[in-house]
Amino acid sequence: MIEFRDVALSYRRLPLQRVVAVHDFSLTVVPGECGGLAGPNGAGKTTIISLLLGYLRPTSGTVSIRGLSPRHYVERYGVGYLPELVSINREWPLRQTLERLALLDLLGAAMRASVRDAIARLDLAAHEQKLVKELSKGTLQRLGIAQTGLREHELLIFDEPTHGLDPIWTSAFRKLVRELRTPDRVIIVASHNLDELERVCDRVVIVGGGTIQRIVDVRGAARNASGDLLLQVST
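Residues numbered from 1 in each chain as written. Predicted model: local features only at pLDDT ≥ 70, side-chain atom pairs only at ≥ 80, totals over all residues. Heavy atoms only, no water.

(A) Representation of the pattern of salt bridges in the model. What the rule picks out here adds up to twelve salt bridges. Across the pair R5 and E3 runs a salt bridge, and its minimum N-O distance is 2.9 Å. Through salt bridges with shared partners, a single ionic network connects R95, E99 and E128. (Salt bridge = Lys/Arg side-chain N within 4 Å of Asp/Glu carboxyl O.)

(B) Structural view of the sheet that holds strand β1 (residues 2-14). Here three strands make up an open sheet; going across it, the order is β2-β1-β4 and the pairing antiparallel. Lying at the two open borders of the sheet, with one neighbouring strand each, are β2 (17-29) and β4 (60-65). Direction aside, neighbouring strands of the sheet carry axes that sit 30° apart on average. Both β1 and β2 contribute to a ladder of nine bridges, which runs antiparallel. Within β2, the residue paired with S10 across the bridge is V20. Relative to the sheet, helix α1 (residues 45-53) contacts β1, β2 and β4, its axis offset from that of β1 by approximately 115°. (Pairing = 2+ DSSP bridges. Helix = DSSP H or I, 4+ residues; strand = E, 2+ residues; numbered from the N terminus. Axes fitted to C-alpha atoms, helices over the stretch in contact; angles between N-to-C directions. Contact = heavy atoms within 4.5 Å.)

Here you go:
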């Protein structure tokens, strides 16, 4: 479903300074897979996601989703996306925020049902009349997660989804990912926390300097006597 083929992205910061943000990046993600994208801050995770969403175009190489360019795919089918920083009009009430976002795809009873389900799934009923600016960091993050599920998208992308969540909701997010998995859906989760990714993903791509350092096959990993993963790594 998703294919990066020999992708590179560079830009000029100053007239004489060329920055290579991504290089030699090739990856295929198939329907039904939950893929992780790991690496420290500045490793290139968000840039790779921006390429996948069509926000950026590669300098060389190709990115495709179901054979379409990312921009054409997103315009035609849409994507459920949680950005690293949730940025929503601070003066909107929580429920109205979800209704406004749902109206991009849904109308009438279908919109109301979608919003109702999203609020229930993320346990937001007690906050639905609060303004976005009144929400705690964790509740704002849950609102961001809720809006990704307003429509049944085939591609879901979560960038640092557990940022700001307490341990209970971090565990709840793992359960949500398991519930969202279907044979025809791809889920991408980006995080600097490798331990968190290995709990929900089939494979984890570790990036550094904008390129793949290694790929961890979590599905094929054994566990030692203490329950820790003995990771099988491919390059």
